[in-house]
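Notes for the structure review
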Amino acid sequence: MPEIVQLLASPVHRYVGRPADGPAPAPPGELVDEVRIRAGLGIVGDRYFGKPAHRNASVTVIARESLPPGIDLTQVRRNVLTAGVEVDGLVGALLVLDSGDGPVRLRVNRPANPCAWMDVTIGPGAFRALRGRGGVRCTPLDDGVLRVGPLTANVER
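Note that this is a predicted model, so its numbers are computed, not measured. (Residues numbered from 1 in each chain as written. Predicted model: local features only at pLDDT ≥ 70, side-chain atom pairs only at ≥ 80, totals over all residues. Heavy atoms only, no water.)

A word on the overall build of the chain
Helix and strand counts for the chain stand at three helices and 12 strands. Against the 2.2 N^0.38 benchmark of 15 Å for 157 residues, the chain shows a C-alpha radius of gyration of 14 Å, consistent with a compact globule. For the chain, the spread of C-alpha atoms along the three principal axes comes to 40 × 25 × 25 Å. Considering the chain as a whole, with its 157 residues, one finds that 46% of them fall into the buried category. Excluding contacts between residues fewer than 6 apart, the proportion of contacts in the chain whose partners are at least 24 apart in sequence is 70%. Accessible area of the chain: about 7,500 Å², with a carbon and sulfur share of 53%. For the chain, the distance from the average site of its 19 positive side-chain charges to the average site of its 16 negative ones is 8 Å. (Helix = DSSP H or I, 4+ residues; strand = E, 2+ residues; numbered from the N terminus. Rg over C-alpha atoms; globule rule 2.2 N^0.38 Å. Buried < 20%, exposed > 50% of the residue type's maximum accessible area, 1.4 Å probe, protein only. Contact = heavy atoms within 4.5 Å. Areas by Shrake-Rupley, 256 points an atom, 1.4 Å probe, with all protein chains shown as cover. Lys, Arg positive; Asp, Glu negative; His and termini not counted. Charge placed at Lys NZ, Arg CZ, Asp CG, Glu CD.)

Quick look at the structure:
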């Protein structure tokens, strides 16, 4: 059964400067049990919420199956970690997620390509290993809530 494994809503950018310098410290509470989503704006409280440059990428989704064991959202800096939902092939589709509070439609716009930071936060070779498996960047089309736990996921092409 599909599920949301983790949710991240971080008010700060942690990957600033050069990867060799390491990430900035994580603020407390960036991993949450639920997120509020606003259509066209993103996740309330997240660093990309309402930013014009990120309107088409304000929610990022990645599949747990794409990540090495033990790696989570704090290392890859995506917002939604799913299990049982293959997201990387969905560019151009609508991903509809419902964790019990009604459906939230996400227009999948483009891949969330990995960067050199992955070699620092996950380990050497992660940047290359995650190519084509780094998740997707989406625009939310509905206001709603997503919660950690069981999930109904549908794809509309």
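Following the structure, the description resumes.
Section: the sheet that holds strand β3 (residues 34–38)
In space, the three strands of this open sheet follow the order β4-β3-β10, with antiparallel pairing throughout. The sheet is open, and its two borders are formed by β4 (42–43) and β10 (144–147), each paired with just one other strand. Note that β3 and β4 share two bridges and pair antiparallel. Paired with I37 across the bridge in β4 is I43. (Pairing = 2+ DSSP bridges.)

Notes on the pattern of salt bridges
Two side chains with opposite charge may pair up if their charged atoms get near one another. Under the definition given, this model contains eight salt bridges. The partner of E3 in a salt bridge is R64, with the nearest N and O atoms 3.9 Å apart. Linking E3 in strand β1 (residues 3–8) with R64 in the loop between β5 (59–63) and α1 (73–76), this pair joins segments that are 61 residues apart in sequence. For E3, a relative accessible area of 29% corresponds to the partly exposed category. According to the relative accessible area criterion, R64 is partly exposed, its value standing at 40%. (Salt bridge = Lys/Arg side-chain N within 4 Å of Asp/Glu carboxyl O.)

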